[in-house]
Amino acid sequence: MKKSVKKALGILIALLLILVALSASLLIINKPKDRTDNTFVVVKIKEGSSTNDIAKELYKKGVISSVSKYKLVSKIWRYDGKYKAGSFSVSPSMRSSDIAQTIVK
């Protein structure tokens, strides 16, 4: 096998491994706090709340396990700046992206 083909194959394998690692990381940070806890909590979001404010409120209500993970999910899925004020019913069994989507709608 030529050197250039080996090099290209090595780069392709490295890119594939990076893609798999990124996908696994996204699954881990977006997992629900507790898949078995189907109780719903009403969370009130005030007008002008930042993603950080929302994450802190969700954490305080016991819906998410980490403020920083929620903020990262919000940034990756591009929910930042799109949140609505109001009262929202969310559950610890929901993924962070689903909670964010609920608050955006």
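Here the structure is a predicted model, which means the values were calculated and not measured.

## Remarks on the overall build of the protein chain
So, point 1. Counting secondary structure elements, the protein chain contains 4 helices and 2 strands.
So, point 2. Along its sequence from the N terminus, the protein chain presents helices and strands in the succession α-β-α-α-β-α.
So, point 3. For the protein chain, the C-alpha radius of gyration of 18 Å lies well beyond 13 Å, the compact-globule estimate for 105 residues.
So, point 4. Out of the 105 residues belonging to the protein chain, those deemed buried represent 28%.
So, point 5. Summed over all atoms, the accessible surface of the protein chain reaches about 7200 Å², with 60% contributed by carbon and sulfur.
So, point 6. Side chains of the protein chain give 20 positive and 7 negative charges; the mean places of these two sets differ by 13 Å.

## Quick word on the side chain of Ser-74
So, point 1. For Ser-74, the position within the fold is in helix α3 (residues 67-76).
So, point 2. Exposure remark for Ser-74: the relative accessible area of 0% places this residue in the buried category.
So, point 3. Excluding its chain neighbours within four sequence positions, the residues that come into contact with Ser-74 are Thr-51, Tyr-79, Asp-80 and Tyr-83.

## Things to note about the pattern of salt bridges
So, point 1. The full count for this structure, using the stated rule, is 3 salt bridges.
So, point 2. One salt bridge connects Lys-60 with Glu-57, and the closest N-O pair in it is separated by 3.5 Å. Of the two residues, Lys-60 and Glu-57 both sit in helix α2 (residues 51-60), 3 residues apart, roughly one turn of that helix.

## Observations concerning the environment of Gln-101
So, point 1. Secondary-structure assignment places Gln-101 in helix α4 (residues 96-104).
So, point 2. Judged by relative accessible area, Gln-101 falls into the partly exposed class, the value being 33%.
So, point 3. Separated by 24 residues in the primary sequence, Gln-101 and Trp-77 place their C-alpha atoms 9.3 Å from one another.

About the cut-offs
- Residues numbered from 1 in each chain as written.
- Predicted model: local features only at pLDDT ≥ 70, side-chain atom pairs only at ≥ 80, totals over all residues.
- Heavy atoms only, no water.
- Helix = DSSP H or I, 4+ residues; strand = E, 2+ residues; numbered from the N terminus.
- Rg over C-alpha atoms; globule rule 2.2 N^0.38 Å.
- Buried < 20%, exposed > 50% of the residue type's maximum accessible area, 1.4 Å probe, protein only.
- Areas by Shrake-Rupley, 256 points an atom, 1.4 Å probe, with all protein chains shown as cover.
- Lys, Arg positive; Asp, Glu negative; His and termini not counted.
- Charge placed at Lys NZ, Arg CZ, Asp CG, Glu CD.
- Contact = heavy atoms within 4.5 Å.
- Salt bridge = Lys/Arg side-chain N within 4 Å of Asp/Glu carboxyl O.

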